[in-house]
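# Observations on the model geometry
Each chain is listed here by its residues.
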Amino acid sequence: MENQNIKKAYFAAGCFWGVEYHFEKLEGVKSAISGYMGGHIENPNYQMVCTGFSGHLEVVEITYDETIVSFEALAKLFFEIHDFTQTNGQGPDIGSQYLSAIFYVDVEQKTISEKLILQLEEKGFKVATSLHDLVPFYEAEEYHQDYYERHQKMPYCHSYKKIF
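Report on the accompanying structure. (Residues numbered from 1 in each chain as written. Predicted model: local features only at pLDDT ≥ 70, side-chain atom pairs only at ≥ 80, totals over all residues. Heavy atoms only, no water.)

## Here we look at the pairing of strand E2 (residues 29-37)
As defined by bridge partners, E2 adjoins strand E3 (residues 57-65) across eight bridges and the pair is classed as antiparallel. Directly across from Ser34, in E3, lies its bridge partner Val60. Two elements, E2 and strand E8 (residues 138-139), share two bridges in a ladder whose sense is antiparallel. Note on E8: the bridge partner recorded for Gly35 is Glu139. (Pairing = 2+ DSSP bridges. Helix = DSSP H or I, 4+ residues; strand = E, 2+ residues; numbered from the N terminus.)

## Description of the environment of Ala13
Position of Ala13 among the secondary structure elements: in strand E1 (residues 6-13). Overall, Ala13 belongs to the buried group, its relative accessible area being 0%. Those residues in contact with Ala13 that lie beyond four places of it in its chain are Val19, Glu58, Phe78, His82, Gln90, Tyr98, Leu99 and His158. (Buried < 20%, exposed > 50% of the residue type's maximum accessible area, 1.4 Å probe, protein only. Contact = heavy atoms within 4.5 Å.)

## Considerations on the pattern of salt bridges
Going through the model one piece at a time under the given rule, you end up with four salt bridges. A single network of salt bridges, built from pairs that share partners, joins Glu72, Lys76 and Lys115. (Salt bridge = Lys/Arg side-chain N within 4 Å of Asp/Glu carboxyl O.)

## Topic: the nonpolar core
In this structure, Phe11, Phe23, Ile62, Phe71, Leu74 and Phe79 are the most contacted members of the largest nonpolar core, which totals 36 residues. Going through the elements one at a time, E1, helix H1 (16-24), E2, helix H2 (46-51), E3, helix H3 (71-80) and helix H4 (107-122) are the ones with two or more residues in this core. Contact partners of Ile62, with chain neighbours within four places excluded, come to Lys7, Lys8, Ala9, Phe11, Phe23, Val29, Ser31, Ala32 and Leu74. Core analysis: the next-biggest nonpolar cluster, separate from the first, contains eight residues, Tyr10, Ala12, Met37 and Phe137 among them. (Core = buried A, V, L, I, M, F, W, Y, C linked by side-chain atoms within 4.5 Å.)

## Topic: the layout of surface pockets
Empty space within the largest pocket amounts to approximately 180 Å³. In terms of lining, the largest pocket is formed by Lys7, Lys8, Tyr64, Glu66, Ser70, Phe71, Glu72, Val105, Asp106, Glu108, Gln109 and Ile112. The set of elements that each furnish at least two residues to the lining of the largest pocket consists of E1, H3 and H4. In terms of residue class, the lining of the largest pocket is built from four nonpolar, two polar and six charged. (1 Å grid on protein atoms, 1.4 Å probe; cavity = no way out; pocket = protein on both sides within 12 Å on 5 of 7 lines; lining within 4 Å. Points joined across faces, edges and corners; volume = space filled by probe spheres on them. Nonpolar A, V, L, I, M, F, W, Y, C, P; charged D, E, K, R; others polar.)

## Some details on the packing of aromatic side chains
Pairs of aromatic rings are described using the distance from one ring centre to the other and the angle between the two planes. Within this structure, the stated rule accounts for nine aromatic pairs. Taking the centre distance of 5.8 Å and the plane angle of 15 degrees together, the rings of Phe11 and Phe71 count as stacked. With a gap of 60 residues between them, Phe11 in strand E1 and Phe71 in helix H3 connect regions that are remote in the sequence. The pair Phe11 / Phe71 is uniform in exposure class, with both members buried. Taking the centre distance of 4.8 Å and the plane angle of 65 degrees together, the rings of Phe78 and Phe79 count as edge-to-face. Of the residues examined, Phe78 reaches a relative accessible area of 0% and is grouped as buried. (Phe/Tyr/Trp six-rings, centres within 6.5 Å; stacked < 30°, edge-to-face > 60°.)

## What about the sheet that holds E3?
With mixed pairing, the six strands of this open sheet are ordered in space as E7-E6-E1-E3-E2-E8. Sheet topology places strand E7 (130-133) and E8 at the edges, where each strand pairs with a single neighbour. Here E1 runs beside E3; their pairing, made up of six bridges, is antiparallel. Bridge pairing in E3 links Ile6 to Asp65. Seen against the sheet, H1 touches E1, E2 and E3 and runs at an angle of roughly 165 degrees to E2. Of the strands in this sheet, E1, E2, E3 and strand E6 (100-104) are in contact with H3, which crosses E1 at around 15 degrees. (Axes fitted to C-alpha atoms, helices over the stretch in contact; angles between N-to-C directions.)

Quick look at the structure:
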């Protein structure tokens, strides 16, 4: 029998390596998988996405247990690990594939995301994060998965900064 408490969330916050790194450390997260969403080519690969012409963003698919961690907590972490005000990428990673976005799976995720963006705007931030309906997720190549764990390194363009 499938566990009804296991949910998915999709976050684009620049290079997926750092996003995956931070989410994997959060209690209640079952998996964080690097991949691609939002483009117009089926089954894209990294080389296609890097050109910027496929229209995909680097995204991390989060599988989580909502009895342990809420979507709101995940979304807050998302905003706190990247520069959601940057309009052309993330840190040194410039390009359309590195833009900030949330692909919501239902109305509840959309509503929570809109609420958090409003809170950030009320704090004086100009939020560049875009919200999108769910579209197909394409898992990235194996060498992108658990990148920092496998290489024993720390993210170079993602760090945690308390905002909420």
